[in-house]
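Descriptive structure summary
Next come the chains, spelled out residue by residue.
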Amino acid sequence: MTSAPYVPSFDELVGDATHFLESDYQRNAHLHQNGLRSDPAGVLSIAELDDLLTLRAVGSECLRIVKDGIDVPESVYSRSYAEFGPALRNVVVRDEVYRRFHDGSTLVWGYIDRYHPGLHRLTEALRRRLNTTVATTAFLTPAGQQGFDLHCDLADVFVVQLSGTKRWYLWDRLPDAQPRRESFTSEALGEPALDVSLCPGDVLYMPYNTPHAAVAEDSMSLHLSVIVQPRSWSELLLQATKKLLQEEEFAGALYLEDSRGEELADQFAHRLGRLATRLRELEAAEPIQRLLTKNDSPGTVKTLEQTRREEHVGPTTQVERTELPLVFTEPEDGIVKATFSGTSVIAIPEPMAEGLTHLGPGDRSPVSELFPGVRSDDAVGAARVLMKLGILREVSPG
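Residues numbered from 1 in each chain as written. Predicted model: local features only at pLDDT ≥ 70, side-chain atom pairs only at ≥ 80, totals over all residues. Heavy atoms only, no water.

This paragraph deals with the overall build of the protein. On a plain count of helices and strands, the protein comes out with 14 helices and 19 strands. In terms of overall dimensions, the protein has a C-alpha envelope of 75 × 75 × 55 Å along the principal axes. A burial count over the protein gives 40% of its 398 residues as buried. Within the protein, counting contacts between residues at least 6 apart in sequence, those at least 24 apart form 77% of the total. If you sum the accessible surface of the protein, you get close to 22600 Å²; carbon and sulfur atoms cover 52% of it. Charge centroids of the protein, computed over 40 positive and 59 negative side chains, lie 4 Å from each other. (Helix = DSSP H or I, 4+ residues; strand = E, 2+ residues; numbered from the N terminus. Buried < 20%, exposed > 50% of the residue type's maximum accessible area, 1.4 Å probe, protein only. Contact = heavy atoms within 4.5 Å. Areas by Shrake-Rupley, 256 points an atom, 1.4 Å probe, with all protein chains shown as cover. Lys, Arg positive; Asp, Glu negative; His and termini not counted. Charge placed at Lys NZ, Arg CZ, Asp CG, Glu CD.)

So, on to the pairing of strand S8 (residues 156-163). Counted residue by residue, S8 has seven buried out of eight residues, so it is predominantly covered. Relative to strand S13 (residues 221-228), S8 runs antiparallel, the two being bridged by seven bridges. By the bridge assignment, Val159 is partnered in S13 with Ser225. The pairing of S8 with strand S11 (residues 203-206) spans four bridges and is antiparallel. Paired with Val160 across the strands is Val203, a residue of S11. (Pairing = 2+ DSSP bridges.)

The subject of this paragraph is the environment of Val92. Within the secondary structure, Val92 sits in strand S5 (residues 88-92). The class for Val92 is buried, based on a relative accessible area of 2%. For the pair Val92 and Thr54, spaced 38 residues apart in sequence, the C-alpha separation works out to 9.7 Å.

Looking at the secondary structure, you find Leu119 in helix H6 (residues 117-130). Taking C-alpha positions, Leu119 is 14 Å from Gln161, a pair spaced 42 residues apart along the chain. Leaving out residues up to four positions away in the same chain, Leu119 has contacts with Val43, Leu44, Ile112, Asp113 and Leu224.

Moving on, we get to the pattern of salt bridges. The full count for this structure, using the stated rule, is 14 salt bridges. The salt bridge involving Asp95 is made with Arg94; its shortest N-O contact spans 3.2 Å. The partly exposed category is assigned to Asp95, whose relative accessible area is 37%. Across the pair Asp377 and Arg375 runs a salt bridge whose closest N-O atoms are separated by 3.7 Å. With a relative accessible area of 56%, Asp377 lands in the exposed category. Each of Glu96, Arg99 and Arg100 takes part in one network of salt bridges that share partners. (Salt bridge = Lys/Arg side-chain N within 4 Å of Asp/Glu carboxyl O.)

Moving on: the confidence of the model for the protein. Per-residue confidence for the protein averages 86 on the pLDDT scale, and 91% of its residues sit at or above 70. For the protein, per-element mean pLDDT is lowest for helix H10 (residues 285-296), which scores 58, and highest for S11, which scores 98. (pLDDT = per-residue confidence, 0-100.)

A word on the nonpolar core. Ranked by internal contacts, the top residues of the largest apolar core, which has 41 residues, are Leu44, Trp109, Leu126, Phe158 and Leu224. Not counting residues within four places of it along the chain, the set of residues in contact with Leu44 comprises Leu49, Ile112, His116, Leu119, Ala138, Leu162, Leu222 and Leu224. With 25 residues, the next largest nonpolar core counts Leu356, Leu370, Leu386 and Ile391 among its residues. (Core = buried A, V, L, I, M, F, W, Y, C linked by side-chain atoms within 4.5 Å.)

With three bridges joining them, strand S4 (residues 78-81) and S5 adopt antiparallel strand pairing. Within the sheet, the bridge partner assigned to Ser78 lies in S5 and is Val92. The antiparallel hairpin formed by S4 and S5 contains six residues in its connecting segment, where Gly85 sits at a positive phi of about 70°.

Taken together, the three strands give an open sheet; going across it, the order is S18-S14-S19, and neighbouring strands pair in antiparallel fashion. The open sheet has two free edges, formed respectively by strand S18 (364-366) and strand S19 (392-394), since each of these has just one partner strand. Going across the sheet, the axis of each strand differs from the next one's by a mean of 35°, ignoring polarity. As paired strands, strand S14 (residues 318-321) and S18 are joined by three bridges and run antiparallel to one another. Directly across from Val319, in S18, lies its bridge partner Ser365. Packed onto the sheet, helix H14 (residues 376-388) meets S14 and S19 and runs at close to 100° relative to S19. (Axes fitted to C-alpha atoms, helices over the stretch in contact; angles between N-to-C directions.)

Spatially, the three strands line up as an open sheet ordered S10-S9-S12, and their pairing is antiparallel. One side of each edge strand has no neighbouring strand; the edge strands of this open sheet are strand S10 (194-198) and strand S12 (212-216). Across the sheet, the mean angle separating the axes of adjacent strands is 15° when strand polarity is ignored. As defined by bridge partners, strand S9 (residues 166-170) adjoins S12 across five bridges and the pair is classed as antiparallel. Counterpart to Lys166 in the pairing with S12 is Ala216.

Below you can see the structure in the form of structure tokens.
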């Protein structure tokens, strides 16, 4: 078994998180040098990329090969395998990938968080922290090469340098409200606002619409681009409107006929007016809270490891509260109702609710001391239920 992957924290990516979120996020480029506190190769190493190629674990939909800004056709470096069992389609051919790389091509490992456990955890942590869609791509560029021309991206990007050095040129973010992907010339943009060489452990943040270009320096460069999709007001308005349109007054079939054009226009205008009224009546914080709750909710299906841990919970097991918010009602006949994930409700005996009330997110306790005055067997049973619901989790030894 290999050692556990290194997953950098949000503070390692940005430094002072409060300052970053208030001053730079979606506004300005932000450079955090020497941000990673451990060996960057623990996040993702070049040797791991070799392993993925050797294991035939990567299809051509996950690996692009780019030379001088142009994609190499997938048919050049992928084929199907049918040695045992079902055929594997469009698997990249290791030696052909190597040949292309040695010829100066950049290897773009798209959405690598989908099949690399550590990068999946990093992506998920950032998704919860920023409450938006996040994906991670890895770029391996030969020494002295530039994979892509100067361009803008449609999303914010955290560049995490893992191996080698890469020189980045950034220009001032364009003022357009809508993100756009375009190519530019340095002559048209003038002098870059930032010219910096990233070393292993450095992190560079770019908001969307930031023109940029990058060139590997004296050795091959491996970096991550953690891609953060900006939220928009139109997205929030669309979600709020969709929920309202599920109400009964907006239901019903519509039959379009030329002879009824004026009648239908009047009926449509009436419904538009009702929708406008309902939107004005809407509690503005509710759609936002629903969006936040959706992004913070844990998976509804237990993992294999969660099942194993639940089966071995005992009085001495150390557990901690998760970040899942809990709201308690006043006790009634010895029972307290607790709301979690915004809408789910469970009934808890008052002594157990009292123990959870005093256990804040991240606070730890052995199961036997979690619920004062509760029998050990009952405490173990309650802890297992709360772990299944995502309210508690076991603290890993060490």
